[in-house]
Amino acid sequence: WDYSWQGCYFITICTAHQECIFGKIRNGQMQPSPIGEIVLREWEQSFQIRAELFCDTFVLMPNHLHAIVRIENSDPTVETHGRASLQTPQPPTHAGIAHRSPRSISSFVAGFKSSATKRINEFCNTPKMPVWQSHFNDHIIRNDDEYHRITNYIRTNPEKWEKDKFFKQEIP
């Protein structure tokens, strides 16, 4: 699968050491910290500068974010009945194992994490301090049922914070 192909992708990006730096959950609602506000601005700006990317659903949590990111481009596709279309195979245009396809989910996440980290480190005066885990989780959404289930999960995530696998007890 080429992660620059049209489709919907469910992504989760966590903070370094899963530290709760983006804010707190109060009464089932996310209350962003100043660092969380920076993340929200950088997230929004990421879609303003990338014409092929759209954010369908998003939630910022104290130590991670979830989103459904949709890629729409003019690459040739074979339509299917689900969300993920079959792509017309293209010859490889790169070499090496560390390559990121342009306009791919991994290129998008790397750019977002880099820009958010830069702004956060400027704000906190912590040059080169890691903000994010080095990797992120992704899942190709293949049909409408999956899309709706994941959308519901993202939208209700703050209400279920204490049952979340990324939950960390707040230190008073």
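Residues numbered from 1 in each chain as written. Predicted model: local features only at pLDDT ≥ 70, side-chain atom pairs only at ≥ 80, totals over all residues. Heavy atoms only, no water.

Focus: the pairing of strand β3 (residues 29–32)
Point 1. When strand β2 (residues 23–26) meets β3, the two strands line up antiparallel, connected through four bridges. Residue pairing across strands places Lys24 opposite Gln31, the latter belonging to β3.
Point 2. Between the antiparallel neighbours β2 and β3 lie two residues, among them Asn27 with a positive phi of about 50°. (Pairing = 2+ DSSP bridges. Helix = DSSP H or I, 4+ residues; strand = E, 2+ residues; numbered from the N terminus.)

Concerning the pattern of salt bridges
Point 1. Using the criterion set out here, one finds three salt bridges in the structure.
Point 2. Notably, a salt bridge pairs Arg70 with Asp56, separated by 2.8 Å at the nearest N-O pair. Remark: Asp56 occurs in strand β4 (residues 53–60) and Arg70 occurs in strand β5 (residues 64–71); sequence separation between them is 14 residues.
Point 3. Taking the relative accessible area as the measure of exposure, Arg70 reaches 21% and is therefore partly exposed.
Point 4. The salt bridge partner of Arg70 is Glu72, with a shortest N-O separation of 2.3 Å.
Point 5. If you follow the salt bridges from partner to partner, you end up with Asp56, Arg70 and Glu72 in one network. (Salt bridge = Lys/Arg side-chain N within 4 Å of Asp/Glu carboxyl O. Buried < 20%, exposed > 50% of the residue type's maximum accessible area, 1.4 Å probe, protein only.)

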